[in-house]
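# Analysis of the macromolecular model
Each chain is listed here by its residues.
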Amino acid sequence: MALPQRKTDVGPPHYKQFLPPVIQKNYGKWKYHEVITPGSMVHVAESGDKLWTVRCASPRILSTDTIREIADVADKYCGGYVRFTTRNNVEFLVSEEKQLEPLMKELKSKKYTIGGIGPRITNVVHTQGWVHCHGACTDASGLVKSMMDELYDYFTTKELPNKVRLAVACCVNMCGAVHCSDIAVVAVHTKVPVINHDTFKNMCELPTVIGSCPTRAISPDPAKKSIKINEEKCMYCGNCFTVCPPIDIKNPERDGVAIVVGGKINSLRSNPKFSKLVIPYISNEPPRWPKVVAAIKHIVEVYAKNARKHERIGEWIERIGWEKFFKLTGIDFTFQCIDDFTFMRDTMRTASTFKW
Amino acid sequence: MAGKKYNTPLIDDLEKGPWPSFVTEMKKAAKNNEMANDALGHLEKCYSTKRGYWKHGGIVGVLGYGGGVIGRYSEIGDEFPGVAHFHTVRINQPSGFFYNSKALREICDIWDKYGSGLTNVHGSTGDLVLLGTKTEALEPIFAEYSSRGWDLGGSGSALRTPSCCVGPGRCEWSNYDTLDLTYALTQEFQDELHRPTFSYKFKIKSSGCACDCVAALARADLSIIGTWKGDIKIDQAEVKNYAKKMDINAEVVNMCPTQCMSYDGKELKINNAECNRCMHCITRMTKALRPSGERGATLCMGSKAPIVVGSLLSWVIVPFIKLEPPYTELKELIRKIWDWWDENGKPRERIGEVIEIKGMRSFLEAIGVPPQPQQIKEPRKDPFMFYTDADIEGFKAKEAEEKKTGKYKF
Amino acid sequence: MEKEELKNKIYAFCEAAKGKKKLKEKDIIKGVSEAESVPGDEVKKALREMIDVGKLMYSYGGGASSVEIPSEEYLREKGLIK
């Protein structure tokens, strides 16, 4: 069969054709919304019209079978209209109230996980991991699945002082915004890369490789027509590997994950914040990463017990102080927690007013 | 199907438990698809050896474009021929991730014909990601999608697919039309999106308010955050209703970062001159509180993840801009920003890093934005600074004027 | 300068860098524009026409995009040679 004629530069389809009539009618004229259950909410327009939303988790990797199933459900209850969220949730958009209960019933019978709205843990932003990335030092999808099996109730029912945004990055490139999450797992290399000098000269540009190193650990090795890496300066970021494949940084026994906490994106109450390192290393333990999961659950529980209502993890920690956070969680404070990269000036304490 | 059945005990474990399983999704696709089947075997091997086997992105794409396809090959393609080539295709998502069932089925039908049947809905950038196909399928895939009105997203040293929050489509807090702006910018900059001419990637993300539901401030080179200039209007009758179910002083007034609110049990008051529009009170009492007056956005720039020299959050560049179609002022500003970056950036330098290296003054002057206190948290601490002759002449001229008038102007 | 001649100069510029330096689109525009005293916009336009027909191609490697002369394998895949 002949292929249709390709077109270039058409851009995405116009979003308007995908908006249900109730949105088209009340576009930009929404008055308020109310959360009905942890997985459903209603938006009310100035006209009095209402739009109900039912939110379900997705594993981000979806088969076309599942997408078709979502389309079928949308046809049955939503006039075919459905959207997705930045954090990989599916949102069924319901224009008629009488469809809400039957929709929820069908989703439950099909084992969809409904929830994620309000002061809870919503779906996890994450990267490709071993499923599809060349630079991955762990598997993001497997970590997310393992974490969320354990934290499931915080998505579907249980409340927390405020939202807790989780994220997983399978290397320090951090595709997605894990560096400003309440709790994030970031996979790390911990050993100086090994250079394949034979293929280096054909595959890599010397100045680019030298320039790629943020700690200036790389210098030319003229004898080998290659480079050498100063082991005392290398922080294993892997940027040299990105620009030059013969620099092999993968190391199954040494690659692992770190845990960072206290970041946030929004400007509510306090300014957006980066997440900060609290646990520098946990070994990769597929398929379930039990220690990583336990650490995250522990931090969530200590936060739930100690924070005030509406405080995000980072706000709670800033109020009580980091020394108190380490005490309450019992997490060992290590050298890695003290910045020796770009933020030391901003992060060392300059007063004697701390807590014991 | 004829494919090999792999023994996958490790990843099978990830089908257990209540959270939706990506392994189940991979298995669904694998039922009818050799590539997806080999992807399962390939992943099991990663789990058993604790390492990945994908090679760096290769040189693949569709004719004329320099992005939208991420080349992916396996180091162990002999063992798993179905994933020897396993390229990613990025489809530019509609603004706000809105779809209808017909569109979703269309995407699936084409993908089943040419690819693994696996997707990411959506990828981190915002594109709808088609996960895994062979080189020879790329042109047919592009012909099928583009002829039906779908285009590829961005990748490489180019404008990345712009993305936005749900905006006026379903949110009472949006201060400008994020959906329309994102569509308009994506259309305006098709060339920059498909043909990589930049030093490195450039991301534009648009959020309608300070809640920033697309995390623009943390990961976009240009973060467009909706805001307003007028007062917060109060519906005191609704305040009374909220008082029945919440402690307004504890949950709202006392959590206000500028302490510009008070509540005496009867009436809620806001000193709007002191409000910094953080959105906390509005999100807690959405029926009672609404912004009013001029709407628009704050333009912030420079955020990125840690590679290469540390993470950045976006800096305030333009405290307020009105955003109405056809968005001429913003489009012209973006072009000026790119011109300066093009002039000053080295390969793989994000604009935030270039601004740090070349100095904020160079950047602001090039794009025609004056220095304003809204741009900073606090002024410079060290007395090391540049003076141009023109700066000093300006200071001297001001002093001469003061001598004439007898009045100091600081 | 005639467009065809300009395209030949662009091609020669890319050929000279082959295997030595990864050229970014702006390197070519700047380089050819200066060497031949042709406005950058004209070079850009000619370059685009060449890329559209597979005379040159966008490439990606080392974390950045570049422009290069296509391999036979690429041309065959695109149906531009048999």
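What counts as what
Residues numbered from 1 in each chain as written. Chains lettered and ligands numbered in written order. Predicted model: local features only at pLDDT ≥ 70, side-chain atom pairs only at ≥ 80, totals over all residues. Heavy atoms only, no water. Helix = DSSP H or I, 4+ residues; strand = E, 2+ residues; numbered from the N terminus. Buried < 20%, exposed > 50% of the residue type's maximum accessible area, 1.4 Å probe, protein only. Contact = heavy atoms within 4.5 Å. Areas by Shrake-Rupley, 256 points an atom, 1.4 Å probe, with all protein chains shown as cover. Polar contact = N/O pair within 3.5 Å; in protein donor to acceptor, adjacent residues only side chain to side chain. Buried area = accessible area lost by both parts, 1.4 Å probe. Salt bridge = Lys/Arg side-chain N within 4 Å of Asp/Glu carboxyl O. Nonpolar A, V, L, I, M, F, W, Y, C, P; charged D, E, K, R; others polar. Pairing = 2+ DSSP bridges. Axes fitted to C-alpha atoms, helices over the stretch in contact; angles between N-to-C directions. Parallel < 35°, antiparallel > 145°, perpendicular 65-115°, else oblique. Disulfide = S-S within 2.5 Å. Phe/Tyr/Trp six-rings, centres within 6.5 Å; stacked < 30°, edge-to-face > 60°. Lys NZ or Arg CZ within 6 Å of the ring centre and 35° of its normal. Patch = residues over 30% accessible without salt bridge, like charges linked within 9 Å, V, L, I, M, F, W, Y side chains within 5 Å. Core = buried A, V, L, I, M, F, W, Y, C linked by side-chain atoms within 4.5 Å. pLDDT = per-residue confidence, 0-100. 1 Å grid on protein atoms, 1.4 Å probe; cavity = no way out; pocket = protein on both sides within 12 Å on 5 of 7 lines; lining within 4 Å. Points joined across faces, edges and corners; volume = space filled by probe spheres on them.

Our focus in this paragraph is the overall build of chain C. Per the secondary structure count, chain C includes four helices and two strands. Going from N to C terminus, chain C has its helices and strands arranged as α-α-α-β-β-α. Its C-alpha atoms put chain C at 35 × 30 × 20 Å along the principal axes. Here chain C, with 82 residues, has 46% of them falling under the buried criterion. Taking contacts inside chain C between residues at least 6 apart in sequence as the whole, the part at least 24 apart equals 41%. With the model as given, the accessible surface of chain C reaches about 4,600 Å², and the carbon-plus-sulfur share is 49%.

What follows is about the side chain of B:Ser116. All names here are of chain B. For Ser116, the location among the structural elements is in the loop between helix H4 (101-114) and strand S4 (118-120). Within the structure, Ser116 has its side chain in polar contact with the backbone nitrogen of Leu118 (distance 3.0 Å). Ignoring any residue separated from it by four or fewer positions in sequence, one finds Ser116 in contact with Ala29, Asn33, Met35, Ala36, Phe86, Trp111, Leu131 and Gly132.

So, on to the interface of chain B and chain A. Opposite the 122 residues of chain B that make contact, chain A presents 112 residues. Between chain B and chain A the total buried area reaches about 10,400 Å² when both faces are included, carbon and sulfur atoms providing 60% of it. Counting every contact that joins chain B to chain A gives twelve salt bridges. There are 62 residue pairs in polar contact (both at pLDDT 80 or more) connecting chain B and chain A. In terms of residue count, H4(B) provides more of the side of chain B that touches chain A than any other element does, ten residues in total. Considering only residue class, the side of chain B that touches chain A consists of 57 nonpolar, 33 polar and 32 charged. Sheet topology places strand S5 (residues 81-84) of chain A next to strand S3 (residues 98-100) of chain B; three bridges connect them, and they run antiparallel. Residue pairing across strands places A:Tyr81 opposite B:Asn100, the latter belonging to S3(B).

Here we come to the packing of helix H10 (residues 313-320) of chain A against helix H11 (residues 322-329) of chain A. All names here are of chain A. The interhelical angle for the contact between H10 and H11, taken along N-to-C directions, is 105°, at an axis separation of 6 Å. As summarised for this structure, H10 and H11 are arranged roughly perpendicular, according to the angle between their axes. Residues Trp316, Ile317 and Ile320 of H10 pack against Trp322, Lys324, Phe325 and Leu328 of H11. Grouping the constituent residues of the contact of H10 with H11 by class yields six nonpolar, no polar and one charged.

Attention shifts here to the pattern of salt bridges. Side-chain pairing between opposite charges can occur once the charged atoms of the two side chains come close. Residue and element names in this part refer to chain B. One pass over the structure, following the stated rule, counts 56 salt bridges over all chains. Asp12 is the partner of Lys27 in a salt bridge, and the nearest nitrogen-oxygen pair spans 2.6 Å. Residue Lys27 is found in helix H2 (residues 22-30), and its partner Asp12 is found in helix H1 (residues 9-12); the two are separated by 15 residues along the sequence. Between Glu378 and Lys381 there is a salt bridge whose closest N-O contact spans 2.7 Å.

Our next topic: the state of the cysteines. A disulfide bridge is the covalent bond that connects two cysteines by way of their sulfur atoms. Residues and elements named next belong to chain A. Inspection of the entire model under this criterion finds one disulfide over all chains. Between the sulfur of Cys204 and that of Cys244 lies a disulfide, 2.0 Å long from S to S. Judged by the sign of its S-S torsion, about 80°, the cystine formed by Cys204 and Cys244 is right-handed. Residue Cys204 is located in the loop between helix H6 (197-203) and helix H7 (206-211), and its partner Cys244 is located in the loop between helix H8 (239-243) and strand S13 (247-248); the two are separated by 40 residues in the primary sequence.

Glancing now at the packing of aromatic side chains. Counted by the stated rule, this structure contains 28 aromatic pairs over all chains. Measuring from ring centre to ring centre gives 6.2 Å for A:Tyr15 and B:Tyr183, while their planes differ by 70°; the resulting arrangement is edge-to-face. With A:Tyr15 in the segment before helix H1 (21-26) and B:Tyr183 in helix H6 (residues 178-188), this pair bridges two chains. Both residues of the pair, A:Tyr15 and B:Tyr183, count as buried. Judged by centre distance (4.9 Å) and plane angle (85°), the ring pair of A:Phe326 and A:Phe333 falls under edge-to-face. An aromatic cluster of three or more residues is present, and its members are A:Tyr303, A:Trp316, A:Trp322, A:Phe325, A:Phe326 and A:Phe333. Lying over the aromatic face of A:Tyr27, A:Lys16 brings its terminal NZ or CZ to 5.8 Å of the ring centre.

On to the sheet that holds strand S5 (residues 128-131) of chain B, then. Ordered in space as S4(A)-S4(B)-S5(B)-S2(B)-S1(B), the five strands form an open sheet in which the pairing is antiparallel. For this open sheet the edge positions go to strand S4 (61-63) of chain A together with strand S1 (69-70) of chain B, each flanked by a neighbour on one side alone. Where S1(B) and strand S2 (residues 88-91) of chain B come together, two bridges link them in antiparallel fashion. Within S2(B), the position partnered with B:Ile70 by the bridge is B:Thr88. Along the sheet, H2(B) contacts S4 of chain A together with S4 of chain B; its crossing angle with S4(A), the most-contacted strand, is approximately 30°.

Now for a nonpolar patch on the surface. Residues and elements named next belong to chain A. A contiguous nonpolar patch, built from Phe333, Phe335, Ile338, Met344 and Met348 and spanning about 560 Å² of accessible area, is present on the exposed surface. In this fold, Phe335 is placed in the loop between H11 and helix H12 (344-347). For Phe335, a relative accessible area of 75% puts it in the exposed group.

The step from B:Val121 to B:His122 runs through a cis peptide bond, and the omega angle for that step is 5°. Relative to the helices and strands, B:His122 is located in the loop between S4 and S5. Residue B:Pro326 follows B:Pro325 across a cis peptide bond; omega there is 5°. By secondary structure assignment, the location of B:Pro326 is in the loop between strand S14 (315-321) and helix H12 (328-344). Of note in this structure, A:Lys225 is not a glycine but carries a positive phi near 50°. As for its position among the elements, A:Lys225 is in the loop between strand S11 (218-221) and strand S12 (226-229).

On to the nonpolar core, then. Judged by nonpolar contacts, the single largest core of 92 residues is most densely connected at A:Phe92, B:Ile248, B:Met261, B:Met285 and B:Leu289. Contacts of B:Leu289, omitting those with residues within four sequence positions, involve B:Ile232, B:Lys233, B:Ile234, B:Met261, B:Leu268, B:Ile270, B:Cys281 and B:Ile282. Counting 76 residues, the second largest nonpolar core, distinct from the first, contains A:Val292, A:Ile299, B:Leu43 and B:Val129.

Averaged over every residue, the pLDDT of chain C is 93; the share at 70 or more is 100%. For this predicted complex, the interface confidence score (ipTM) comes to 0.97, while the overall pTM stands at 0.97.

Bringing the sheet that holds S3(B) into the picture now. Across the sheet, which stays open at both edges, the six strands sit in the order S1(A)-S2(A)-S3(A)-S6(A)-S5(A)-S3(B) with antiparallel pairing between neighbours. The open sheet terminates on both sides in strands that have one partner only, identified here as strand S1 (30-37) of chain A together with S3 of chain B. Strand-to-strand twist across the sheet, computed as the mean angle between neighbouring axes with direction ignored, equals 25°. Note: strand S2 (residues 40-45) of chain A against strand S3 (residues 50-57) of chain A, five bridges, orientation antiparallel. Residue pairing across strands places A:Val44 opposite A:Lys50, the latter belonging to S3(A). The sheet strands contacting helix H2 (residues 64-78) of chain A are S5 and strand S6 (89-94) of chain A, and the helix crosses S6(A) at an angle near 20°.

So, about empty space enclosed by the protein. All names here are of chain B. With the rule as written, the count across this model stands at six cavities of 30 Å³ or more. Taken as a whole, the largest cavity encloses approximately 100 Å³ of empty space. What lines the largest cavity is a set of 15 residues, and nearest its centre among them are Cys256, Cys275, Cys278, Met279 and Cys281. At three residues, helix H11 (residues 280-284) tops the list of elements feeding residues into the lining of the largest cavity.

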